[in-house]
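Breakdown of the fold
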Amino acid sequence: MTERYGYKMQSIQWDPSFSVGIAKLDDDHKKLIQLINSLYEAWNLGKDGLVIGSLFDALQVYTDSHFQREEAVLLALEYDRMPQQQHAHACLVGALQNFRTRYLAGGQATKPTAEMNAFLRSWLLDHILTEDLMYRALLASPESLALFDPYRLDL
């Protein structure tokens, strides 16, 4: 747990129960956790707006590529909750952009808040543990296994 500005920011740890059944998507989720933890650490160390902005940018770029990869898999499998998944992704991307803009206004990184901490944690964990885990059974189906090797995904 990191603390600065009188606010405690707890890092996120990967847990095997987060697995969706395809190693590449799990690796994406691990990378997103790493990027969020790096953002926490940068704030804790008092890094400037350039560093914080760079981390937000990396999080945004990786998030976009992950969502594209995930949606390609789900479209190929004709996932019945695809509209809800795409809507959740669009909302998450918009909220992330909003936080970046708000916290880097004027080129200065402002102090992290409980709101931002809660957003980043829920943005990733709640999405994985609710939306993403809904498709885990589909990825383990014989139809899915015929289309994708669950341990390797070249998208």
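This text goes with the structure placed above it.
None of the values given here were measured: they were computed from a predicted structure. (Residues numbered from 1 in each chain as written. Predicted model: local features only at pLDDT ≥ 70, side-chain atom pairs only at ≥ 80, totals over all residues. Heavy atoms only, no water.)

**Regarding the side chain of His66**
Note that His66 resides in helix 2 (residues 49–76). Accessibility expressed as a relative area gives 1% for His66, which makes it buried. (Helix = DSSP H or I, 4+ residues; strand = E, 2+ residues; numbered from the N terminus. Buried < 20%, exposed > 50% of the residue type's maximum accessible area, 1.4 Å probe, protein only.)

**Details of the packing of helix 1 (residues 23–44) against helix 2**
For the pair helix 1 and helix 2, the least separation of the axes is 10 Å and the interaxial angle reads 165°. On the basis of the axis angle, helix 1 is roughly antiparallel to helix 2. Relative to helix 2, the crossing made by helix 1 is left-handed. Looking at side-chain class alone, the contact of helix 1 with helix 2 contains 14 nonpolar, 4 polar and 6 charged residues. (Axes fitted to C-alpha atoms, helices over the stretch in contact; angles between N-to-C directions. Parallel < 35°, antiparallel > 145°, perpendicular 65-115°, else oblique. Left-handed = near helix turned anticlockwise from the far one by under 90°. Nonpolar A, V, L, I, M, F, W, Y, C, P; charged D, E, K, R; others polar.)

**A few points about the pattern of salt bridges**
Applying the stated rule across the entire model yields 4 salt bridges. One salt bridge in this structure joins Lys24 and Asp28, with 3.4 Å as the shortest N-O distance. With a gap of 4 residues between them, Lys24 and Asp28 both fall in helix 1, about one helical turn apart. Exposure remark for Lys24: the relative accessible area of 26% places this residue in the partly exposed category. Ionic pairing is found between Glu131 and Arg81, a salt bridge with its closest N-O pair at 3.1 Å. Residue Glu131 is located in helix 4 (residues 114–131), and its partner Arg81 is located in the loop between helix 2 and helix 3 (82–103); the two are separated by 50 residues in the primary sequence. (Salt bridge = Lys/Arg side-chain N within 4 Å of Asp/Glu carboxyl O.)

**With respect to empty space enclosed by the protein**
With the rule as written, the count across this model stands at 1 cavity of 30 Å³ or more. Of the voids in this model, the largest cavity is the one considered here, and its volume is about 50 Å³. Looking at the lining of the largest cavity element by element, the count peaks at 4 residues for helix 4. Partitioning the lining of the largest cavity into residue classes produces 6 nonpolar, 3 polar and no charged. (1 Å grid on protein atoms, 1.4 Å probe; cavity = no way out; pocket = protein on both sides within 12 Å on 5 of 7 lines; lining within 4 Å. Points joined across faces, edges and corners; volume = space filled by probe spheres on them.)

Spatial relationships are all this shows, so hold off on functional conclusions.
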